[in-house]
Amino acid sequence: MSQSAIKTTEEIVSCSDNGQHPLVYISLKNGSGRCQYCGQLFIREEAASEQSQQAA
Ligand SMILES: [Zn+2]
């Protein structure tokens, strides 16, 4: 089976594997996280920001 990572801009994601296991919340503060029940991998992507910061 091929299980692809889910990319999200959220810092906290939820997973229930379509109801196959209890709903759990996974923190992506470290950049990625894995569901302890189904092993689904989540990767946090930085949201596209329209704000440009320029260093002087
Ligand atoms: Zn899961």
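Described in the following lines is the structure provided in the data block. (Residues numbered from 1 in each chain as written. Predicted model: local features only at pLDDT ≥ 70, side-chain atom pairs only at ≥ 80, totals over all residues.)

1. Side note on the overall build of the protein
Here's step 1: Along the backbone of the protein there are zero helices and five strands.
Here's step 2: Secondary structure elements in the protein, listed N-terminal to C-terminal, are β-β-β-β-β.
Here's step 3: Sequence-distant contacts, at least 24 apart, represent 32% of the contacts inside the protein between residues at least 6 apart. (Helix = DSSP H or I, 4+ residues; strand = E, 2+ residues; numbered from the N terminus. Contact = placed C-beta atoms within 7 Å.)

2. A short note on the sheet that holds strand S5 (residues 41–44)
Here's step 1: Ordered by their spatial adjacency, three strands build an open sheet running S1-S5-S4, and the pairing between neighbours is mixed. The sheet is open, and its two borders are formed by strand S1 (6–8) and strand S4 (32–34), each paired with just one other strand. The mean inter-strand angle of the sheet, taken between neighbouring strand axes irrespective of direction, is 20°.
Here's step 2: As defined by bridge partners, S1 adjoins S5 across three bridges and the pair is classed as parallel. Residue Ile6 lies in a different strand from S5, and its bridge partner there is Phe42. (Pairing = 2+ DSSP bridges. Axes fitted to C-alpha atoms, helices over the stretch in contact; angles between N-to-C directions.)

3. Description of unusual backbone geometry
Here's step 1: If you check the backbone angles, Asp17 has positive phi at about 50° while not being a glycine.
Here's step 2: Assignment of secondary structure puts Asp17 in the loop between strand S2 (12–15) and strand S3 (24–27).
Here's step 3: The exposure class assigned to Asp17 is partly exposed, which follows from the 14 C-beta atoms found within 10 Å.
Here's step 4: The phi torsion at Asn18 lies on the positive side, around 60°, for a residue other than glycine.
Here's step 5: Within the element layout of this structure, Asn18 appears in the loop between S2 and S3. (Buried ≥ 20, exposed ≤ 12 C-beta atoms within 10 Å, placed from the backbone.)

4. Some remarks on the environment of Leu23
Here's step 1: Its location among the elements puts Leu23 in the loop between S2 and S3.
Here's step 2: Note: C-alpha distance between Leu23 and Cys35 (twelve residues apart in sequence) is 10.0 Å.
Here's step 3: The residues touching Leu23, leaving out its near neighbours within four places in the chain, are Ser14 and Ser16.

Nothing here speaks to function; it is all geometry.
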